[in-house]
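# A closer look at the structure
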Amino acid sequence: MTAKLLKVTPLGPLTFSKENNNTTNISVNNISKVPVLYKLQSTVWGKFKMRPRWGVLLPNEQTQCSITLNQGAELSKRGLDRVLLVCMMAPINSVDMDFTSAFWRHNICYDPMVEKHSFSFQQSKDSLKRQELLETATRPIAPIYWR
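Since the model is a prediction, treat every value here as computed from it, not as a measurement. Every chain begins its residue count from 1, and numbering advances along the sequence as written. Owing to the predicted nature of the model, reporting of local features is limited to residues with pLDDT of at least 70; listing and counting of side-chain atom pairs is limited to 80 or more, with chain, interface and lining totals taken over all residues. Hydrogens and waters are ignored; side-chain quantities use all the structure's heavy atoms.

## Focus: the packing of aromatic side chains
We call Phe, Tyr and Trp rings a pair once their centres come within 6.5 Å, taking the six-membered ring for Trp, and we label the pair stacked below 30 degrees between planes, edge-to-face above 60, and tilted otherwise. As enumerated under the stated definition, the model contains three aromatic pairs in all. Taking the centre distance of 5.1 Å and the plane angle of 25° together, the rings of Phe-16 and Phe-121 count as stacked. Taken together, the residues Phe-16 in strand E2 (residues 14–16) and Phe-121 in strand E9 (residues 115–123) connect sequence positions 105 residues apart. In this structure, Phe-16 and Phe-121 share a single accessibility class: buried. What counts as a helix is a DSSP run of H or I of at least four residues, what counts as a strand is a run of E of at least two, and both are numbered from the N terminus. When accessible area is computed with a 1.4 Å probe and restricted to protein chains, residues below 20% of their type maximum are described as buried, those above 50% as exposed, and intermediate ones as partly exposed.

Have a look at this one:
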């Protein structure tokens, strides 16, 4: 695939912060002259909530997608958590739930016609500091064997 179908912003790691309820947004623009079918999927089941999860963008159309870190979930310390936005030219111009589900089942990510955009994540510095303070506050001052 030579020509890009979508322009996705922001580039680089996406940041989750407590102030935004652990939600970050991406902007998805169709820069091609054809309708594009897109889908968001995660490498870790149940860690992220994504809205909208999939859709069809007409030429020059734009949408905002939100990615939320689920309550109680933590980002991998090794940075392995990823969300992929996969897209390809749409065989239809409207969204049909059954057709789209079947379409993605048969057109997996390894297809060379599927364009892929990968997002990594980081926790905001304020959230990390707060988490470290909570961890140190809950640790006992003296080792257990001294008590």
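## Points about the environment of Asn-29
Its place among the elements puts Asn-29 in strand E3 (residues 23–30). Residues Asn-29 and Thr-9, spaced 20 residues apart in sequence, show a C-alpha to C-alpha distance of 8.6 Å. It only takes one pair of heavy atoms within 4.5 Å for two residues to be counted as in contact. Beyond its immediate sequence surroundings of up to four residues, Asn-29 is in contact with Leu-5, Leu-6, Lys-7, Glu-61 and Gln-62.

## A short note on the pairing of strand E5 (residues 48–51)
Burial along E5 is one-sided: the face carrying Phe-48 and Met-50 is buried and the face carrying Lys-49 and Arg-51 is not. The pairing of E5 with strand E7 (residues 62–69) spans four bridges and is antiparallel. Looking across to E7, one finds that Met-50 is bridged to Ile-67. A pair of strands counts as paired when DSSP detects no fewer than two bridges linking them.

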